[in-house]
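Given next are the chains, with one letter for each unit.
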Amino acid sequence: MRNVLQSSCADPDGSLSRRLGDTRQLTFDLAAPLSDADATIQPFPDASPAKWHLAHTTWFFETFVLRDHVLGYTPFDERYGFLFNSYYEAEGPRHARPRRGMLSRPSLDEVRSYRAHVDEALERALRHLSSEALDLIELGINHEQQHQELFLTDILATFAENPLEPAYGESTPPACFAIEAVSWQVGREGIVEIGANESSFAFDSERPRHRVFLAGHEVANRRVTNKEWREFIEDGGYRTPALWLSDGWAWVQQESISAPLYWRDEGTEFTLAGRCEIDWAAPVAHVSFYEADAFARWAGGRLPTEAEWEDFAASVDPMIGNQLDAAGPALPRPGGGVFGDVWEWTQSAFASYPGFSPAEGAVGEYNGKFMSGQLVLKGASCATPRGHGRASYRNFFGPGARWQFTGVRLARDA
Ligand SMILES: [Fe+2]
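Along every chain, residues carry numbers that run from 1 in the direction the sequence is written. Under the rules for a predicted model, residues below a pLDDT of 70 receive no local features and side-chain atom pairs below 80 are neither given nor counted, while totals for whole chains, interfaces and linings still include all residues. Remark: hydrogens and water are excluded; side-chain values derive from all non-hydrogen atoms of the structure.

### With respect to the overall build of the chain
Within the chain, the regular secondary structure consists of 11 helices and 12 strands. Against the globule reference of 22 Å for 414 residues, the chain gives a C-alpha radius of gyration of 22 Å, in line with a compact fold. Overall size of the chain, expressed as C-alpha extent along the three principal axes, is 65 × 55 × 40 Å. The 414 residues of the chain split such that 56% are buried. Two residues qualify as a contact provided that any one of their heavy atoms is within 4.5 Å of a heavy atom in the partner residue. Considering only intrachain contacts with a sequence separation of at least 6, the fraction spanning at least 24 residues in the chain is 80%. The Shrake-Rupley method, run with a 1.4 Å probe, gives the accessible areas here. Residue values count only the displayed protein chains as cover. In the structure as shown, the chain presents an accessible area of about 18,100 Å², 52% of it carried by carbon and sulfur atoms. Here a strand is any run of E in DSSP of at least two residues, a helix any run of H or I of at least four, and the numbering for each starts at the N terminus. What the globule rule says is 2.2 Å times the number of residues to the power 0.38, and the radius of gyration is computed from C-alpha atoms. Partly exposed residues are those whose accessible area sits between 20% and 50% of the maximum for their type, while under 20% is buried and over 50% is exposed, using a 1.4 Å probe and protein chains only.

The structure is reproduced here in structure tokens:
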């Protein structure tokens, strides 16, 4: 549907407008410490330049809301569709992903002007939008929040490339907390329900809520710590093929992997605050699925399935949504919460739930077409924006990815 302006009593209490404004402002603020050069670098093909995140999230609103639902909207620059479309085949050809770091133009300031143009048009349009367009605003807010997390992890990867070890910002290291011995919570056995219900926003891949069978199992009450990861290394974990999946062992050899991604010499790690001492009691972060799986085997356990994780989380705290909200970009370093400072790898493939149907139109490409070769991660991380996490959330990455704040919670058969 294009160029149709419909009147309705949209957003009567103004809450959508406020959340839209807050989300757009946070992205703008995240870029404040960066120079144009900082914002242009693409450290590797799967990570995007900061400037691209700012522009692409804007393109999403401009295309799917303003172009398609606001009569007479004039695009900021017709050429930006080619530059800032990420992967939407229905939107036509686009700039190659691995070459996003070649875009020295438009400048960071021009991208800021693009954002302002679209923000003003959205604000003007909001009270006249149809419910279909308002749903796309909601999707756009959640989409931009996902990119806020990627913005931080991609800028961490960018600065990690620089021998000057620049800091993105000051962060107060999390308060030290004692490492408790792991205790194991007995999980429910039998048929349980997982997935999002219809009462609030969720991505299409979280639905429909459905029944699954859980065999007898137990889940650890906390994540694996840096100290335990050091023990795995000292015990030869990265040099013992019997601990690894075949693909994982090939990956360790090929990439010369011997520690979490940002660990450096003498007990230090690279963080968004520059190089810091490793907090041995904090949850390990920046490990791949392959590493998580090998660690679990070494420790005599296994990774939880996504259904075990979701049922466990709901049993620990039925208000898990609030727990996850305790995280946020204000603390870009894992701390000591029960949930929400590192994403937790599961052994479950990112696949459709029974009855899954992607949305109609181009936004139907959002999740469904990535259901191949990826694993589900549950929880949230210290870089996840406040209000974005929930128990049914299904993050997903390939088995070798580790530039996100990804960690490990163990499970075992009962
Ligand atoms: Fe995107």
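### Points about the coordination of the iron ion
Coordination sphere of the iron ion, protein contribution only: H56 (NE2), H143 (NE2) and H147 (NE2), at 2.2 Å. The donor definition counts N, O and S atoms within 2.8 Å of each metal and applies 3.2 Å to Na, K and Ca; water is not among these atoms, so some sites may look incomplete. Here the donor residues of the iron ion share one chain and are spaced in sequence as H-x86-H-x3-H. Taken together, the residues span a long stretch of sequence, with H56 in helix α3 (residues 50–69) and H147 in helix α6 (residues 131–160) at a distance of 91 residues. You can call H147 buried: its relative accessible area is 11%.

### Some details on the pattern of salt bridges
Any Lys or Arg side-chain nitrogen found within 4 Å of a carboxyl oxygen on Asp or Glu counts as a salt bridge. Taken as a whole, this structure holds 29 salt bridges when the rule is applied. A salt bridge links E218 to R412; the nearest nitrogen and oxygen atoms lie 2.7 Å apart. Placement of the pair is E218 in strand β4 (residues 217–220) and R412 in strand β12 (residues 411–413), with a sequence separation of 194 residues. On the accessibility criterion, R412 (32% relative accessible area) is partly exposed. With a shortest N-O distance of 2.9 Å, E291 and R402 are connected by a salt bridge. Of the two residues, E291 is situated in helix α9 (residues 289–298) and R402 in the loop between β10 (395–397) and β11 (406–407); the sequence distance between them amounts to 111 residues. Take R402: its relative accessible area is 11%, and that puts it in the buried class.

### Considering the packing of aromatic side chains
Pairing of aromatic rings covers Phe, Tyr and Trp, the last through its six-membered ring, and needs centres within 6.5 Å; plane angles under 30 degrees mean stacked, over 60 mean edge-to-face, and all others mean tilted. Across all of its chains, the model carries 32 aromatic pairs by this definition. Measuring from ring centre to ring centre gives 6.0 Å for F203 and Y393, while their planes differ by 90 degrees; the resulting arrangement is edge-to-face. Here Y393 lies in the loop between β9 (375–378) and β10 and F203 lies in the loop between β2 (190–194) and β3 (210–214), a separation of 190 residues in the sequence. Of the two residues examined, F203 and Y393, each falls in the buried class.

### Some remarks on the nonpolar core
The criterion is simple. A nonpolar core is a set of buried Ala, Val, Leu, Ile, Met, Phe, Trp, Tyr and Cys residues joined through side-chain atoms within 4.5 Å. Grouped together as the largest cluster of nonpolar side chains are 91 residues, with contacts concentrated most on F84, L129, I137, F151, Y168 and W229. Top element by residues in this core is α6. It accounts for 13 residues. Within the second largest apolar cluster, 6 residues are counted, among which are V192, V212, L214 and Y353.

### Details of the packing of helix α1 (residues 15–30) against α6
Axes, fitted as lines to C-alpha atoms, cover a helix only where it is in contact. Angles between the N-to-C directions of the axes lie from 0 to 180 degrees. Running from N to C, α1 and α6 point in directions that differ by 25 degrees, and their axes come no closer than 10 Å. Viewed along their axes, α1 and α6 adopt a mutual orientation that is roughly parallel. Here α1 and α6 pass one another in a crossing that is left-handed. On α6, the residues that touch L16, R19, L20, T23, R24, L26, T27 and L30 of α1 are L134, I137, E138, I141, E144, Q145, Q148, F151 and L152. Angles are sorted into four bins: roughly parallel if under 35 degrees, roughly antiparallel if over 145, roughly perpendicular if 65 to 115, and oblique for all others. Throughout, a crossing is termed right-handed when the near helix is turned clockwise from the far one, and left-handed when it is turned anticlockwise from it by less than a right angle.

### Considering the sheet that holds strand β5 (residues 263–264)
A pair of strands counts as paired when DSSP detects no fewer than two bridges linking them. One open sheet accounts for 3 strands, arranged β5-β6-β7; its pairing is antiparallel. With one partner strand each, in any of the chains shown, β5 and β7 (274–277) form the two edges of the open sheet. By the bridge criterion, 4 bridges tie strand β6 (residues 268–271) to β7 in an arrangement that is antiparallel. Within β7, the residue paired with E269 across the bridge is C276.

### Quick word on the sheet that holds β9
An order of β10-β9-β8-β11 is seen for the 4 strands of this open sheet, with the pairing classed as mixed. Each having just a single partner strand, β10 and β11 make up the two edges of the open sheet. In this structure, strand β8 (residues 343–349) lies alongside β11, joined through 2 bridges in parallel fashion. If you follow W343 over to β11, its bridge partner there is T406.

### A few points about the environment of A401
Following the sequence through the fold, A401 ends up in the loop between β10 and β11. Judged by relative accessible area, which is 17%, A401 ranks as buried. Placed 102 residues apart in sequence, A401 and A299 show a C-alpha to C-alpha distance of 22 Å. Not counting residues within four places of it along the chain, the set of residues in contact with A401 comprises V287, S288 and W345.

### Brief notes about α6
In an α-helix, one full turn covers 3.6 residues, which means residues spaced three or four apart are oriented alike. For α6, which comprises 30 residues, the first-to-last C-alpha distance of 44 Å matches the rise-based estimate of 44 Å (1.5 Å per residue) to within 8%. α6 sits mainly inside the fold: 25 of its 30 residues count as buried. To estimate how far a helix should extend, the number of its residues minus one is multiplied by 1.5 Å.

### Comments concerning the layout of surface pockets
We place a 1 Å grid over just the protein atoms. Points where a 1.4 Å probe fits but has no way out form a cavity, open points with protein on both sides within 12 Å along at least 5 of 7 lines form a pocket, and any residue with an atom within 4 Å of a point lines it. Grid points are joined across faces, edges and corners, and a volume is the space filled by probe spheres set on the points. A volume near 1,200 Å³ is recorded for the largest pocket. If you trace the largest pocket, you find 48 residues lining it, with D46, R97, L150, F397 and W403 closest to the centre. Those elements that place two or more of their residues in the lining of the largest pocket are α3, α6, α8 (246–255), β5 and β10. No other element matches α6, which puts 8 residues into the lining of the largest pocket. In terms of residue class, the lining of the largest pocket is made up of 22 nonpolar, 15 polar and 11 charged. Following the grouping adopted for this structure description, the nonpolar residues are Ala, Val, Leu, Ile, Met, Phe, Trp, Tyr, Cys and Pro, the charged ones are Asp, Glu, Lys and Arg, and the polar ones are all others, Gly among them.

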